[in-house]
Amino acid sequence: MFVDEVQLTVKAGNGGNGNVSFRHEYLVAKGGPYGGDGGRGGSIIFVGDEGLTTLLDLKYKRIVRAQNGQNGMTKNCFGKSGEDVYVKVPIGSVVYDLKTNAVIADITRNKQEVVIAKGGKGGRGNSSFANAHITAPQFAESGEPGEEKEIKIVLKILADVGLVGFPSVGKSTLISVCSASKPKIADYPFTTLVPNLGVVRINDGRSFVMADLPGLIEGASMGAGLGIQFLKHIERTRVIVHVIDMDSYEGRNPYDDYVKINKELESYNPKLLLRPQIVAANKMDLPNAKENLEEFKKLVGEDVKIIPISAYTRNNIEPLLIEVANTLENIKLDDFEENDVDKVIEYRYVKPEDPFTIEVTEEGLYNVVGPEIKKLFDITNFEKEESVRMFAMKLRKLGVDEKLRELGVKDDDTVLILGYEFEFYD
Ligand SMILES: Nc1nc2c(ncn2[C@@H]2O[C@H](COP(=O)(O)OP(=O)(O)OP(=O)(O)O)[C@@H](O)[C@H]2O)c(=O)[nH]1
Ligand SMILES: [Mg+2]
């Protein structure tokens, strides 16, 4: 089974809580703070693995979790960190955050590692807080929660060249004669159900990766046939080899085929037509082919690069491969990136979220919210005065106090933080 799209939840480990304890010394009740830090929560890390070709391993997983960090212990002992979880994914996996639809990772290399969900930091134990003014801190930080995300992984095959065309035009036959890939070949449509990759080596030493894709038909971009499911793979190939049956299988006309397939590519993504395209005029060993080719050449005009071949008799294959290699060499990476909508658009700089924003409630109170505030809130122990003081100090550092004062808040006024009431004072 070929699985090229899965959804799952990733939950990194929470950080362990810091510890509050004191050294026991002779005749000294609280001999000095002695509580260690909590351990870091385990992260979830995706790793590119060239041995994998599908996302099948993840298909039946609902959730991937990493361990929590251990709480800090007395005697200044740190809690153990949670173990990181490594998840192998095939090269060409693109990871999306389902909530924002942003690309979190694009795994394009073997052994490439990307942190998908970060483990929470461990809370600091009370010995971290001792200073000249607070010699016996009664508080420690709680651990930070680990990141949790709903993600979608889409496998978009990365190949230098993709073979496209109607069913039964000879795409699989072509890849089988120029690479070690041995896909099924037969004279009925939709023989190929999943993409095949092959490494092509030509006699002059150059090589590239070719993808044999399932046949397209009219309406593919709207979901007909195997259609749209595989059009996404063409998005990431740098050169398109359009295979056309010059013998006109089942009474089809080569020029018609050419136009229809290009129309499908265009409706799926207009930028696909900007990709260099080479026509492999196949089945030249068959009787009608010669005449059809002349007609075809006239109709498409001079600008279209056409190489007549017979995949079956292996005739004229090398010139086609040389043309592909030359074209690949002449594509500047910039050209490609510009055409590669998916990559470019989603990789644009994303403005980081403001650390906080201030909303006004129906009662006219100011409410301070935001991811950074939530993070600080979560690690604060509100039963301990010192911990609360630390929280207030951090808010001030973020500029919350200044902003509130600008808005006209005065001492003893009530403000909300994440909906909870606090009294404002300096
Ligand atoms: N005579 C002749 N037959 C060919 C040639 N190339 C392919 N064929 C035949 O055409 C039929 C279809 O070939 P495939 O390679 O399976 O075609 P495909 O494009 O991969 O088809 P789908 O996987 O269904 O999209 C097979 O019977 C092949 O033997 C050729 O150059 N000459
Ligand atoms: Mg095939």
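*Asks:* I keep staring at the site of ligand 1 and nothing clicks. Help me out?
*Replies:* Neighbouring ligand 1 are 23 residues; Ser168, Thr173, Phe190, Thr192 and Asp285 lie closest to it. Taking Ser310, its side chain carries an N or O atom lying 3.2 Å from an oxygen atom of ligand 1. Looking at the shell around ligand 1, the element that brings in the most residues is helix α2 (residues 171-178), giving 3 residues. Residue classes in the shell around ligand 1 are distributed as 10 nonpolar, 9 polar and 4 charged.

*Asks:* Could you clarify how one ought to interpret the coordination of the magnesium ion (ligand 2) in this entry?
*Replies:* Around a metal, the perfect tetrahedron of four donors has angles of 109.5 degrees, and the perfect octahedron of six donors has angles of 90 or 180 degrees. Distances from the magnesium ion (ligand 2) to its protein donors, namely Ser172 (OG) and Thr192 (OG1), fall within the range 1.9 to 2.1 Å. Within this pair, whereas Ser172 is found in helix α2, its partner Thr192 is found in the loop between α2 and β10 (196-201), the two being separated by 20 residues in sequence. Residue class for Thr192 comes out buried when judged on its relative accessible area of 11%.

*Asks:* Please explain the environment of Pro214 as it appears in this structure.
*Replies:* Of note, Pro214 is situated in the loop between β11 (207-212) and α3 (228-235). Residues Pro214 and Ile107, 107 residues apart in the sequence, show an inter-C-alpha distance of 24 Å.

*Asks:* How should I be thinking about the sheet that holds strand β2 (residues 44-49) in this particular structure?
*Replies:* Consider a sheet: its strands pair through backbone hydrogen bonds, and that pairing is either parallel or antiparallel. Ordered by their spatial adjacency, 3 strands build an open sheet running β4-β2-β7, and the pairing between neighbours is mixed. Edge positions in the open sheet fall to β4 (85-90) and β7 (113-117), since each of these has one partner strand only. Each neighbouring strand pair of the sheet contributes to a mean axis angle of 35 degrees, computed without reference to strand direction. Where β2 and β7 come together, 4 bridges link them in antiparallel fashion. Each bridged residue has a counterpart across the sheet, and for Phe46 the counterpart in β7 is Val114.

*Asks:* I'm lost on the confidence of the model for the protein chain in this one. Help?
*Replies:* In low-pLDDT regions, the fine details of the predicted coordinates are not to be read closely. Considering every residue of the protein chain, the mean pLDDT works out to 85; 91% of them sit at 70 or more. Put simply, helix α8 (residues 341-347) is where the protein chain has its lowest mean pLDDT, 35, and strand β13 (residues 277-282) is where it has its highest, 97. Under a pLDDT of 50 for its full length, residues 334-351 has, in the predicted model, 28 contacts with residues more than four places off or in other chains.

*Asks:* Which parts of the structure should I look at to understand the pairing of β10?
*Replies:* Working note: regular strand, side chains alternate between the two faces of the sheet. Residues Asn196, Gly198 and Val200 line the buried face of β10, whereas the alternating positions Leu197, Val199 and Arg201 sit on a face that is not buried. When β10 meets β11, the two strands line up antiparallel, connected through 6 bridges. From the neighbouring strand, Leu197 faces β11, where its bridge partner is Ala211. Two successive antiparallel strands, β10 and β11, enclose a turn made up of 5 residues, where Gly205 displays a positive phi of approximately 95 degrees.

*Asks:* Looking at this structure, how should I read the sheet that holds strand β1 (residues 5-11)?
*Replies:* Taken together, 5 strands build an open sheet; the order of strands is β3-β1-β8-β5-β6 and the sheet is mixed. The two strands at the open ends of the sheet, each matched to only one other strand, are β3 (63-65) and β6 (103-107). In this sheet, adjacent strand axes meet at a mean angle of 25 degrees when their direction is disregarded. The sheet contact formed by strand β5 (residues 93-97) and strand β8 (residues 148-155) spans 5 bridges and is antiparallel. Within β8, the position partnered with Tyr96 by the bridge is Lys152.

*Asks:* Which parts of the structure should I look at to understand α2?
*Replies:* It helps to recall that an α-helix has 3.6 residues per turn; residues three or four apart then point in one direction. Where burial is concerned, most of α2 is hidden: 8 out of the 8 residues are buried. Considered for burial, the residues of α2 that qualify are Lys171, Ser172, Thr173, Leu174, Ile175, Ser176, Val177 and Cys178. Here the buried face of α2 lies against β9 (159-164), β10, β11, β12 (237-245) and α6 (317-330).

*Asks:* How should helix α9 (residues 371-378) be read in this particular structure?
*Replies:* Where α9 is concerned, the buried positions are Ile373, Leu376 and Phe377. What you see down the axis of α9 is that its buried residues fit within an arc of 100 degrees, all on one side. The elements touched by buried residues of α9 are β16 (366-369), α10 (385-398), α11 (400-406), β17 (414-417) and β18 (420-423).

*Asks:* I tried to follow the nonpolar core on my own but got confused; where do I start?
*Replies:* Where a protein is soluble and globular, its nonpolar side chains tend to be buried together. Within the largest apolar cluster, 40 residues are counted, with the highest numbers of intra-cluster contacts made by Leu174, Phe208, Met210 and Ile234. Secondary-structure elements contributing two or more residues to this core are β9, α2, β11, α3, β12, α4 (254-268), β13 and α6. Per-element accounting of this core gives the leading share, 6 residues, to α6.

Each value, and the rule that gives it
Residues numbered from 1 in each chain as written. Chains lettered and ligands numbered in written order. Predicted model: local features only at pLDDT ≥ 70, side-chain atom pairs only at ≥ 80, totals over all residues. Heavy atoms only, no water. Near = heavy atom within 4 Å. Polar contact = N/O pair within 3.5 Å; in protein donor to acceptor, adjacent residues only side chain to side chain. Helix = DSSP H or I, 4+ residues; strand = E, 2+ residues; numbered from the N terminus. Nonpolar A, V, L, I, M, F, W, Y, C, P; charged D, E, K, R; others polar. Donors = N, O, S within 2.8 Å, 3.2 Å for Na, K, Ca; no water. Buried < 20%, exposed > 50% of the residue type's maximum accessible area, 1.4 Å probe, protein only. Pairing = 2+ DSSP bridges. Axes fitted to C-alpha atoms, helices over the stretch in contact; angles between N-to-C directions. pLDDT = per-residue confidence, 0-100. Contact = heavy atoms within 4.5 Å. Arc of directions from axis to C-beta. Core = buried A, V, L, I, M, F, W, Y, C linked by side-chain atoms within 4.5 Å.

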